[in-house]
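Understanding the architecture of this molecule
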There are 2 protein chains.
Amino acid sequence: MKINKKQACRIDLKQRILTLDIEPGTVLDETLLSRQYELSRTPLREVFQRLAGEGYLTLEENRGAKVSSMDIASMRNFFQSALLIYAAVGRLAAENATPRQIVALKSAQRSFRKAGENSDVFGMAMFNHSFHQIVGEMAGNAYLTPSLSRLLIDHTRMSQLFYKPKNTQEQQLIWTACDQHDQIIEAIEKREPAMVVELTREHWALSRDRIEKYVRPDPLPNDLDVDTPESKKHAI
Amino acid sequence: MKINKKQACRIDLKQRILTLDIEPGTVLDETLLSRQYELSRTPLREVFQRLAGEGYLTLEENRGAKVSSMDIASMRNFFQSALLIYAAVGRLAAENATPRQIVALKSAQRSFRKAGENSDVFGMAMFNHSFHQIVGEMAGNAYLTPSLSRLLIDHTRMSQLFYKPKNTQEQQLIWTACDQHDQIIEAIEKREPAMVVELTREHWALSRDRIEKYVRPDPLPNDLDVDTPESKKHAI
DNA sequence: TTGTTGATATTTGTATACAATTTGTATAAT
DNA sequence: ATTATACAAATTGTATACAAATATCAACAA
């Protein structure tokens, strides 16, 4: 029962970053964390290096580890490249998935749906992450997974924001996403790469629209014409 | 002039891996290397973790660091995904390259051509690596560069094998590759993404053909019909 | 020969002390 | 009041000693 503290630390830090428990841009305190995880600084720093390699952190000489930030530039890059990678990975997953992996994918999907039913935002984000990570494993292409992993880190962090259903319409979109997962599983099982690509495209479009909707919501009612005095209308 | 030993170690190890000075699959000896680089094991291990994150090494619990291997499976994956990434990165490079980066790219290309003129195989491989790495920086997309980097690691290692020109025809192909670099630079400078994609496609085709030619060379002359005695012909 | 066991050597992992660097703060000079 | 400078505190980086795990190999049994 002596489970590796270092590995536990790595997994927990990942989760805390993905769930925004540790926010983007946060500088990590070696001393504090080494006490929290009951590790000395040496192995903790090795964990940092590794997480940096996976894109969770960025390291700067003599300046500690920082959780990778999510600024405008990275959002732009994210939208620019996500579909390319997701589609390619989806295609390969359909070609190469093993029965064992399909079992794992179904399991993740069951957990995802259950989290959706319980309006468990964290659970949804994390199991959605697992789902797409498993699809990545199915593709089994070591040249594509690094990009996929980085996309998923930020995709999952964004999910934290927009998986909170604000109304029944948004709840409906979550069910749609969930159904798309089921369809993707089915297409992978049937070994239909083209179908998986098409479903992945749709799945991405839905996710993308949700994020855009969050970033640029419906404007508040514009009653300027009523409230603004004439003087202001002609000002400047 | 007190240049960081750790950083020097990281750069040198990368180079030794890329030039096949340390062969794929080699297990690295912490004690030996820490003496060679005049570092204690602690920072050396951090270098390992980082290089593992970048795809140069793979780490196994309680079993040291191994240089990433190049087996049949990875070759297949390489050919499957290289063009996708190279083309996407090329397109973005044309859109986003800064003047400073173009200067750096031209410098790498000059060094590459010079190495070619001197039949300097290492130089060619390394400056070709630099060239494409700079194109990656031009793209400036943190979600694509991880995959590009991994592709370049193995592409460069393969180059070590096939950049040795065996005859004038093969030498000619090197000049073609060199000219393609020039054309790519020109297209990037002119901000013509579609042109860069097309040139990248041609550049990749050339490289791919060279590798295939190396893996599956022209068969030796088949003179079995002449040499084989009648007895053997009818054996079994 | 093949395989198992256990002692020993080697290698890998961790804690801690210390060195180097950066950050913060108080005081002096302009 | 603002900038410089010097010193103190905190943080990051490295070396080393020790602990844990794994590999090696000889002795012995099947």
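What counts and how
Residues numbered from 1 in each chain as written. Chains lettered and ligands numbered in written order. Predicted model: local features only at pLDDT ≥ 70, side-chain atom pairs only at ≥ 80, totals over all residues. Heavy atoms only, no water. Contact = heavy atoms within 4.5 Å. Buried area = accessible area lost by both parts, 1.4 Å probe. Salt bridge = Lys/Arg side-chain N within 4 Å of Asp/Glu carboxyl O. Polar contact = N/O pair within 3.5 Å; in protein donor to acceptor, adjacent residues only side chain to side chain. Helix = DSSP H or I, 4+ residues; strand = E, 2+ residues; numbered from the N terminus. Nonpolar A, V, L, I, M, F, W, Y, C, P; charged D, E, K, R; others polar. Near = heavy atom within 4 Å. Domains from an automatic or database assignment. Phe/Tyr/Trp six-rings, centres within 6.5 Å; stacked < 30°, edge-to-face > 60°. Least-squares fit on C-alpha atoms with pLDDT ≥ 70 in both. Pairing = 2+ DSSP bridges. Axes fitted to C-alpha atoms, helices over the stretch in contact; angles between N-to-C directions.

Contacts between chain A and chain B engage 29 residues on the former and 29 residues on the latter. Between chain A and chain B the total buried area reaches about 2,600 Å² when both faces are included, carbon and sulfur atoms providing 50% of it. A per-residue breakdown of the area chain A buries against chain B is headed by Glu46, Gln49 and Tyr143 of chain A, which together make up 29% of the total. Note that Glu46 of chain B and Arg45 of chain A form a salt bridge whose closest N and O atoms lie 2.9 Å from each other. Seen at the junction of chain A and chain B, the total is 19 residue pairs in polar contact (both at pLDDT 80 or more). Secondary structure elements with two or more residues in the side of chain A that touches chain B: helix H3 (41–54), helix H4 (72–96) and helix H7 (145–162) of chain A. Looking at the side of chain A that touches chain B, the element that brings in the most residues is H4 of chain A, giving 10 residues. Its residues assigned to classes, the side of chain A that touches chain B shows 10 nonpolar, 11 polar and 8 charged.

Glancing now at the protein's contact with DNA strand C. Around DNA strand C, the surrounding shell holds 13 residues, and the nearest of these are Ser40 and Thr42 of chain A together with Arg41, Arg45 and Asn62 of chain B. Within 4 Å of the protein, the contacting atoms of DNA strand C are 63% sugar and phosphate, with bases supplying the remainder. Between DNA strand C and Asn62 of chain A there is a distance of 3.4 Å, counted from a sugar or linking oxygen to a side-chain nitrogen or oxygen. Between DNA strand C and Arg41 of chain B there is a distance of 2.7 Å, counted from a base nitrogen to a side-chain nitrogen or oxygen. Contributing elements (two or more residues each) for the surface near DNA strand C: H3 of chain A together with helix H3 (41–54) of chain B.

The subject of this paragraph is the protein's contact with DNA strand D. The environment of DNA strand D is formed by 13 residues, the closest being Arg41, Arg45 and Asn62 of chain A together with Ser40 and Thr42 of chain B. Close to the protein, within 4 Å, the atoms of DNA strand D are drawn from sugar and phosphate at a rate of 65%. In the model, a phosphate oxygen of DNA strand D is placed 2.8 Å from a nitrogen or oxygen of the Asn62 of chain A main chain. Lys6 of chain B has a polar side-chain atom sitting 3.1 Å from a phosphate oxygen of DNA strand D. When contributions to the surface near DNA strand D are tallied by element, the ones reaching two or more residues are H3 of chain A together with H3 of chain B. Looking at side-chain class alone, the surface near DNA strand D contains 2 nonpolar, 5 polar and 6 charged residues.

Residue and element names in this part refer to chain A. When its domains are assigned, chain A resolves into domain 1 (5–67) and domain 2 (72–215). Computed from C-alpha coordinates alone, the two centres of domain 1 and domain 2 are separated by 26 Å. The interface is formed by 12 residues belonging to domain 1 together with 9 residues belonging to domain 2. Across the domain 1/domain 2 interface, buried area totals approximately 890 Å², and carbon plus sulfur atoms make up 67% of it. Considering only the side of domain 1, the residues that lose the most area to domain 2 are Leu18, Thr19 and Leu20, jointly responsible for 56% of the buried surface there. The interface formed by domain 1 and domain 2 holds 0 salt bridges in total. The set of elements that each furnish at least two residues to the side of domain 1 that touches domain 2 consists of helix H1 (5–18) and H3. A class-by-class count of the residues in the side of domain 1 that touches domain 2 yields 7 nonpolar, 4 polar and 1 charged.

Turning next to the packing of aromatic side chains. A complete count under the given rule lists 10 aromatic pairs over all chains for this structure. Summarising the aromatic geometry, the rings of Tyr143 of chain A and Phe78 of chain B are spaced 5.7 Å apart at their centres and angled 70° between planes, so their arrangement reads as edge-to-face. In this pair, Tyr143 of chain A is assigned in the loop between helix H6 (121–139) and H7 and Phe78 of chain B in helix H4 (residues 72–96), connecting two distinct chains. Members of the aromatic cluster, each reached through a chain of ring pairs, are Phe78, Phe79, Tyr86 and Trp204 of chain A together with Tyr143 of chain B.

The operation relating chain A to chain B is a screw motion whose rotation component is 180°, with 0.0 Å of axial translation and a residual RMSD of 0.1 Å. Both chain copies can therefore be described as sitting about a two-fold axis. Closest approach to the rotation axis among the C-alpha atoms of chain A is made by Gly53 of chain A, whose C-alpha sits 1.9 Å away.

Before going further, it helps to examine the sheet that holds strand S1 (residues 27–28) of chain B. Residues and elements named next belong to chain B. The sheet built from 3 strands is open, its strands ordered S1-S3-S2 with antiparallel pairing. With one partner strand each, in any of the chains shown, S1 and strand S2 (57–59) form the two edges of the open sheet. Two elements, S1 and strand S3 (residues 65–67), share 2 bridges in a ladder whose sense is antiparallel. Across the sheet, the residue bridging to Leu28 is Ala65, located in S3. The sheet strands contacting H3 are S1, S2 and S3, and the helix crosses S2 at an angle near 115°.

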